[in-house]
Amino acid sequence: MSKWEEIKKQIVESPVWQSIFRHGYDDTPRNRVLMVSGNVWLHLHPSKVRRHGIRLKFTWCMGGITFLMFLITVVTGVYLMFYYRPVAEYAYADMKYLEFDMPFGMLMRNMHRWAAHAMVIAVWLHMFRVFMTGSYKPPREFNWVVGVILLVLTLLLSFTGYLLPWDQLSIWAVTVGSNMARATPLLGHEGPFAEFAGVNAVYDARALIFGGGEIGPHTLLRFYILHCIFFPLVTTLLLIVHFWRIRRDGLSGPAL
Amino acid sequence: MADVGKAAPQVSDGGRVEKTLLRAKGPGDDKIHTWPHLVRAEFICFLAVLAFMLVWSLLVDAPLEQPAAPTRTPNPSKAPWYFLGLQEILVFFDPWHAGVVLPSFIIVGLMVLPYIDINPKGNGYFCYADRKWEILTFFGGFHVLWIVLIVVGTFLRGPGWNWFWPWEVWDSHKVVAMSNVDLPYLFGFRDYTLSALFGLAVVGGYFVLGTGLMYWLIVRAKGREFMERWGMARFGLASFLFLNMIAVVIKLIMRMGFNIKYIMVTPWINI
């Protein structure tokens with residue numbers, strides 16, 4: 001045994017190594033199961049899947065692609081957070097700074113934005129595939145409900161991010177979108193029965209979103225916190241529930 | 001590295017791994033190991049999509065317009081593209097209905113879908129024959145209605161939210177005849193209360209007759225036995241949601257084809 005092999009053997013047989021890596025790379029059925037069940041990330045999978053479950057024709061890969069888009073937006077989003085200030089005076093300037101001065105700044109912003117759009121499309125296609133294969137049927141009814149909430153969260157994540165560049169496109173698009181809130185029955189000051197609830201322009205559903213009667217610096221901070229903390233946290237929690245249910249119920253497929 | 005695996009027997013899994021292995025050898029089981037089969041497929045997909053996103057992001061820049069100016073309103077002012085279907089519905093409905101009630105119906109409707117659909121067939125595989133109506137409804141609502149409205153909102157709506165064909169110039173001074181009338185007015189109701197009552201009767205009649213018609217059609221197509229198994233709660237929810245979806249299409253046709261604005265007009269809500 002050469003000196004290097006000796007060192008390697010000592011390392012991989014040390015209690016430290018073995019406390020972290022619980023198994024090797026043996027190609028045995030037992031080890032294949034351990035590869036998945038012993039790894040915290042792969043553990044979200046069942047250790048065995050039905051044969052058709054990995055066919056592109058069946059899954060369209062859309063659930064996985066949706067999750068990948070979420071991961072891309074998380075990674076690039078954290079990068080952007082280092083350079084972006086959610087303050088009306090600075091927000092737009094920081095976008096320009098990202099675009100012209102930061103190494104890979106524009107690339108990160110592009111990836112963040114396009115991945116967000118791709119995530120919306122991928123969620124829709126994923127839902128369409130799940131519908132077409134009847135995969136929401138028992139025992140997966142509840143996971144479909146979780147999935148619908150995740151669809152809403154995907155849209156809300158995209159929508160709250162829309163405001164952050166603080167350019168013409170973003171404030172007016174968000175103005176249009178949020179104007180719906182002031183038309184909410186009872187809760188919006190322009191909605192039906194508003195007079196019974198006693199709401200007004202600075203104290204209604206839209207004002208809650210805007211942090212005041214009009215879109216402004218408060219809205220920017222609110223949307224920033226919703227976009228970077230609140231919705232990502234809720235989405236992550238529900239993604240765990242979503243994946244855990246798939247792991248428990250198995251991938252859908254025709255009855256044997 | 002081959003002997004490393006044997007050196008780690010102390011993983012305690014309560015014999016679950018062994019049980020999985022035993023089960024896997026049972027008759028009629030077509031299961032394969034996640035590692036490497038599924039993990040490998042996922043990894044290849046991951047790399048391919050990541051590469052695509054990288055190239056796309058290198059080639060196409062995300063939009064950034066002039067700095068926000070609360071005093072300069074663009075015309076048209078559009079929501080993000082995925083909400084343009086809802087913004088398009090604003091042409092046909094009041095904001096409380098297009099922006100709050102209908103989106104709520106869409107979300108709730110999607111959520112209750114697995115509890116309404118009791119058809120045991122078509123679980124886990126592609127098929128059309130066993131679930132014709134379910135698929136047609138979902139396809140009509142999702143692809144035709146939702147996607148078409150987004151396309152219209154994105155490409156065919158210009159200044160003043162007026163309709164512009166792709167070959168037309170976006171003329172902000174386009175003259176559009178405002179010839180819309182309310183349905184009660186069209187039927188000769190000039191009195192405030194009477195026209196509200198007429199509108200209420202039309203809307204209420206639509207839902208009552210529609211539910212009755214759906215009941216009759218389903219019993220005819222699937223038999224009374226199916227209807228009993230389905231139950232009144234499921235049928236009521238399904239027909240209410242379905243009739244709302246069809247109502248959007250009816251409003252769309254009435255407005256675009258016959259210049260009819262509201263069907264029911266009251267001081268509080270208009271439908």
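Quick caveat: nothing in here was measured; it's all calculated off a predicted structure. (Residues numbered from 1 in each chain as written. Chains lettered and ligands numbered in written order. Predicted model: local features only at pLDDT ≥ 70, side-chain atom pairs only at ≥ 80, totals over all residues. Heavy atoms only, no water.)

1. Digging into the overall build of chain B
- Scanning chain B from terminus to terminus reveals 9 helices and 1 strand.
- A buried classification covers 40% of the 271 residues belonging to chain B.
- Sequence-distant contacts in chain B: of pairs separated by 6 or more residues, those separated by 24 or more amount to 61%. (Helix = DSSP H or I, 4+ residues; strand = E, 2+ residues; numbered from the N terminus. Buried < 20%, exposed > 50% of the residue type's maximum accessible area, 1.4 Å probe, protein only. Contact = heavy atoms within 4.5 Å.)

2. Quick look at the overall build of chain A
- Summing up its helical and strand segments, chain A has 12 helices and 1 strand in all.
- Its helices and strands taken in sequence order, chain A reads α-α-α-β-α-α-α-α-α-α-α-α-α from the N to the C terminus.
- Relative to the globule expectation of 18 Å for 256 residues, the C-alpha radius of gyration of chain A, 24 Å, shows a markedly less compact shape.
- On the principal axes, the C-alpha backbone points of chain A span a range of 80 × 50 × 30 Å.
- Every one of the 256 residues in chain A was classed for burial, and the buried ones make up 53%.
- In chain A, of all internal contacts separated by at least 6 residues, the share reaching a separation of at least 24 is 61%.
- Total accessible area on chain A stands at roughly 12600 Å², and carbon and sulfur atoms take up 70% of it.
- Taken as two groups, the 24 positive and 16 negative side-chain charges of chain A have centres that lie 13 Å from each other. (Rg over C-alpha atoms; globule rule 2.2 N^0.38 Å. Areas by Shrake-Rupley, 256 points an atom, 1.4 Å probe, with all protein chains shown as cover. Lys, Arg positive; Asp, Glu negative; His and termini not counted. Charge placed at Lys NZ, Arg CZ, Asp CG, Glu CD.)

3. What about the interface of chain B and chain A?
- Residue-level contacts link 91 residues of chain B with 93 residues of chain A.
- With both sides pooled, the region where chain B packs onto chain A buries about 8800 Å², and carbon together with sulfur makes up 71% of that total.
- Taken as a group, Trp35(B), Leu64(B) and Phe126(B) account for 8% of the area that chain B buries against chain A, more than any other trio of residues on that side.
- Here Lys137(A) ties to Asp117(B) by a salt bridge, and the two come within 3.6 Å at their closest N and O atoms.
- Counting across the interface, chain B meets chain A through 34 residue pairs in polar contact (both at pLDDT 80 or more).
- Breaking the side of chain B that touches chain A down by element, the ones donating at least two residues are α1 (16-24), β1 (31-33), α2 (34-59), α3 (84-89), α4 (95-116) and α5 (132-156) of chain B.
- Counting residues per element, the side of chain B that touches chain A draws most heavily on α2(B), at 16 residues.
- Tallied by class, residues from the side of chain B that touches chain A come to 59 nonpolar, 18 polar and 14 charged.
- Examined bridge by bridge, strand β1 (residues 48-50) of chain A and β1(B) share 3 bridges and lie antiparallel to one another. (Buried area = accessible area lost by both parts, 1.4 Å probe. Salt bridge = Lys/Arg side-chain N within 4 Å of Asp/Glu carboxyl O. Polar contact = N/O pair within 3.5 Å; in protein donor to acceptor, adjacent residues only side chain to side chain. Nonpolar A, V, L, I, M, F, W, Y, C, P; charged D, E, K, R; others polar. Pairing = 2+ DSSP bridges.)

4. Description of helix α9 (residues 168-182) of chain A
- With 15 residues, α9(A) extends 21 Å from end C-alpha to end C-alpha; this agrees with the ideal 21 Å at 1.5 Å per step.
- Val176(A) marks the point of greatest bend in α9(A), at about 25 degrees.
- Most of α9(A) sits inside the fold, with 11 of its 15 residues counted as buried.
- All buried positions along α9(A) are accounted for by Gln168(A), Ser170(A), Ile171(A), Trp172(A), Ala173(A), Val174(A), Thr175(A), Val176(A), Ser178(A), Met180(A) and Ala181(A).
- The secondary structure elements touched by the buried residues of α9(A) are α8 (141-163), α11 (205-210) and α12 (217-249) of chain A together with α3 and α4 of chain B. (Expected span 1.5 Å × (residues − 1). Bend = angle between axes of the 7 residues up to and from the residue.)

5. Quick notes on unusual backbone geometry
- A cis amide bond, omega 5 degrees, links Pro138(A) with the succeeding residue Pro139(A).
- Here Pro139(A) shows up in the loop between α7 (105-132) and α8.
- Put simply, Asn75(B) and Pro76(B) share a cis peptide bond, and its omega is 5 degrees.
- At Leu186(A), a position not held by glycine, the phi torsion is positive, near 70 degrees.

6. Quick word on the nonpolar core
- Among the nonpolar cores identified, the biggest contains 70 residues, and Trp124(A) and Trp144(A) are the most heavily contacted of them.
- In terms of residue count, α7(A) provides more of this core than any other element does, 14 residues in total.
- Ignoring anything within four residues of it in the chain, the contact list for Trp144(A) reads Met127(A), Val130(A), Phe131(A), Tyr136(A), Leu110(B), Met111(B), Leu113(B), Pro114(B) and Phe138(B). (Core = buried A, V, L, I, M, F, W, Y, C linked by side-chain atoms within 4.5 Å.)

7. Remarks on the confidence of the model for chain A
- When pLDDT is averaged across chain A, the result is 92; 100% of the residues are at 70 or more.
- Summarising per-element confidence for chain A, the mean pLDDT is lowest in helix α10 (residues 194-197) of chain A (85) and highest in α8(A) (97). (pLDDT = per-residue confidence, 0-100.)

8. Overview of the environment of Val49(B)
- Within the secondary structure, Val49(B) is located in helix α2.
- Not counting chain neighbours up to four residues away, the residues in contact with Val49(B) comprise Ile65(A), Leu68(A) and Met69(A).

9. Description of helix α9 (residues 232-258) of chain B
All names here are of chain B.
- In this model, α9 (27 residues) spans 36 Å end to end at C-alpha, consistent with the 39 Å of a helix rising 1.5 Å per residue.
- Along α9, the residues that are buried comprise Phe235, Ala238, Ser239, Leu241, Leu243, Asn244, Ala247, Val248, Lys251, Leu252, Met254 and Arg255.
- Positive phi appears at Asn259, one or two residues downstream of α9, with a value of about 55 degrees.

10. Observations regarding the confidence of the model for chain B
Residues and elements named next belong to chain B.
- On average, residues of chain B carry a pLDDT of 88, and 89% of them reach 70 or more.
- By mean pLDDT, α1 is the weakest element of chain B at 57, and helix α7 (residues 192-222) is the strongest at 95.
- Here residues 1-11 is modelled with pLDDT under 50, and outside its nearest four sequence neighbours on either side it reaches 14 contacts, counting other chains as well.
- Note on the complex model: pTM 0.91, ipTM 0.91.

11. Description of the packing of aromatic side chains
- Scanning all chains against the criterion turns up 36 aromatic pairs over all chains.
- Where Trp17(A) meets Phe21(A), the ring centres are 4.6 Å apart and the plane angle is 40 degrees; that geometry is what we call tilted.
- Given a relative accessible area of 43%, Phe21(A) falls into the partly exposed group.
- Aromatic side chains Trp165(B) and Trp167(B) sit 5.6 Å apart centroid to centroid with 5 degrees between the ring planes, which places their arrangement in the stacked category. (Phe/Tyr/Trp six-rings, centres within 6.5 Å; stacked < 30°, edge-to-face > 60°.)

12. Digging into the environment of Pro67(B)
- You can see Pro67(B) is positioned in the loop between α2 and α3.
- Overall, Pro67(B) belongs to the partly exposed group, its relative accessible area being 35%.

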